[in-house]
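Examination of the molecular architecture
So the chains spell out like this:
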Amino acid sequence: MVIKIVTDSTADIPVALAEKLGITVVPEYLRFGDKVLRDRVDINEDEFYQRLTHDPIHPNTTQPSPDDFVNIYKEVAKKADGIVSIHLSSKLSGTYNAAVSGKGAAGVKCPIEVIDSQVVTMGLGELVIAANEMAQAGKSILEIAAAVNKMIPNIHILGLLDTLKYLALGGRIGKVQALLGSMLNVKPMLSVKDGVLTPSGRVRSRVKGIDILVNYVKNIPDIQDLSVIHNTTPDEAKELIKRLGAIYPEEKIRLARLGPALGVHTGPGILFVAVRGKG
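Because the structure is predicted, anything quoted here is derived from the model rather than measured. (Residues numbered from 1 in each chain as written. Predicted model: local features only at pLDDT ≥ 70, side-chain atom pairs only at ≥ 80, totals over all residues. Heavy atoms only, no water.)

1. Examining the overall build of the chain
- Secondary structure assignment for the chain yields 11 helices and 13 strands.
- Over its C-alpha atoms the chain spans a radius of gyration of 18 Å, differing by no more than 12% from the 19 Å that the globule rule assigns to 279 residues.
- Overall size of the chain, expressed as C-alpha extent along the three principal axes, is 60 × 45 × 30 Å.
- Sorting the 279 residues of the chain into buried and exposed places 52% on the buried side.
- Counting contacts in the chain only where the partners sit at least 6 residues apart, residues at least 24 apart contribute 76% of the total. (Helix = DSSP H or I, 4+ residues; strand = E, 2+ residues; numbered from the N terminus. Rg over C-alpha atoms; globule rule 2.2 N^0.38 Å. Buried < 20%, exposed > 50% of the residue type's maximum accessible area, 1.4 Å probe, protein only. Contact = heavy atoms within 4.5 Å.)

2. Describing the side chain of arginine 276
- Tracing the backbone shows arginine 276 in strand β13 (residues 271–277).
- Looking at arginine 276, the relative accessible area reads 12%, which means it is buried.
- Excluding residues that lie within four positions of it along the chain, arginine 276 makes contacts with Glu126, Ala130, Met151, Asn154, Ile155, Asp222, Ile223, Gln224 and Asp225.

3. Points about the sheet that holds strand β8 (residues 155–160)
- On the basis of which strands lie adjacent, the open sheet formed by six strands has the order β10-β9-β8-β13-β11-β12 and mixed pairing. Edge positions in the sheet fall to β10 (196–203) and β12 (254–257), since each has one partner strand and no second. Taking the axes of each pair of neighbouring strands and ignoring which way they run, one obtains an average angle of 20° across the sheet.
- Pairing geometry for β8 and strand β9 (residues 187–193), over three bridges, is antiparallel. Directly across from leucine 158, in β9, lies its bridge partner serine 191. (Pairing = 2+ DSSP bridges. Axes fitted to C-alpha atoms, helices over the stretch in contact; angles between N-to-C directions.)

4. Regarding the packing of helix α3 (residues 66–77) against helix α4 (residues 95–106)
- Running from amino to carboxyl end, α3 crosses α4 at an angle of 55°, the nearest separation of the two axes being 7 Å. Taken as axis vectors, α3 and α4 run oblique relative to one another. Crossing of α3 over α4 shows right-handed handedness. For the pair α3 and α4, the contacting residues are Pro66, Phe69, Val70, Tyr73 and Lys74 in the first and Thr95, Ala98, Ala99, Ser101, Gly102, Lys103, Ala105 and Ala106 in the second.
- When the residues that make up the contact of α3 with α4 are grouped by side-chain class, the tally is eight nonpolar, three polar and two charged. (Parallel < 35°, antiparallel > 145°, perpendicular 65-115°, else oblique. Left-handed = near helix turned anticlockwise from the far one by under 90°. Nonpolar A, V, L, I, M, F, W, Y, C, P; charged D, E, K, R; others polar.)

5. What to know about the sheet that holds strand β3 (residues 29–32)
- Spatially, three strands are ordered β4-β3-β5 in an open sheet, and the strand pairing comes out antiparallel. In the strand order of this sheet, the two ends are held by β4 (35–38) and β5 (60–62), each with one partner. With direction set aside, neighbouring strand axes in the sheet form an average angle of 30°.
- As judged from the three bridges shared by β3 and β5, these two strands associate in the antiparallel manner. Bridge pairing in β5 places arginine 31 opposite asparagine 60.

6. Observations regarding the packing of helix α5 (residues 121–136) against helix α6 (residues 141–151)
- Taken N-terminus to C-terminus, the directions of α5 and α6 make an angle of 150°; their axes are 10 Å apart at the nearest point. As far as their axial angle goes, α6 and α5 are roughly antiparallel. Between α5 and α6 lies a crossing whose hand is right-handed. Each of Leu127, Ala130, Ala131, Met134 and Ala135 in α5 lies in contact with α6, whose residues at this interface are Ile144, Ala147, Val148 and Met151.
- Residue classes in the contact of α5 with α6 are distributed as nine nonpolar, no polar and no charged.

Take a look at the structure:
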């Protein structure tokens, strides 16, 4: 029995890894004015963050359409006995609902399980990779879906942002609050709780913020998966991985890059940790 895994580009699974594992990634869309681009297909991370910081037009994002999913499911079904499709939180995007609609319209013979991960970035990515491992081990579609749903409450995400500016541009916070934060050189921290991005405090320096990320990971028992996510500071991310190596085997820690779909709201200079605990 061949079970194939589908996700979306907000999972931030490195492209080479997704290809190696045979995971199908449906791209989110970015809109710069009238120009629409597919995440990591028509524009890569370097190009995006260059435009984000220099282009006078602030971009926005759009989820894949149900037709996008219809086309993907039809193609994947040609070589599958079942499909598990895992997507970012339905409270952050319409991607999950588009996938559900696509499932209903695809008209394929193989069963499709669509899962709302309630998380994003490599929190989602870790669920997708775990699902793929189960598929490779011969688990059934229902066994995989049930296991993934049980893992969801054990995904923990915390991030350090460099600025409040992009949250304000995206309408996530008020402009006065962003201005005050920049005047005080405050670095916001975000987590994902109950499927939504939630403020988790502010720090006065990146050094303090990174210390908080390390302590956050240290306090999670029975770590099964650990990822460090950056978007424009790879050296800083690698240093963080070295520090986390005292908590979890360094060679098992994944390094990923936050893609445009979430980077629109966070801006450059972020560091996130995504942890899958046991359960």
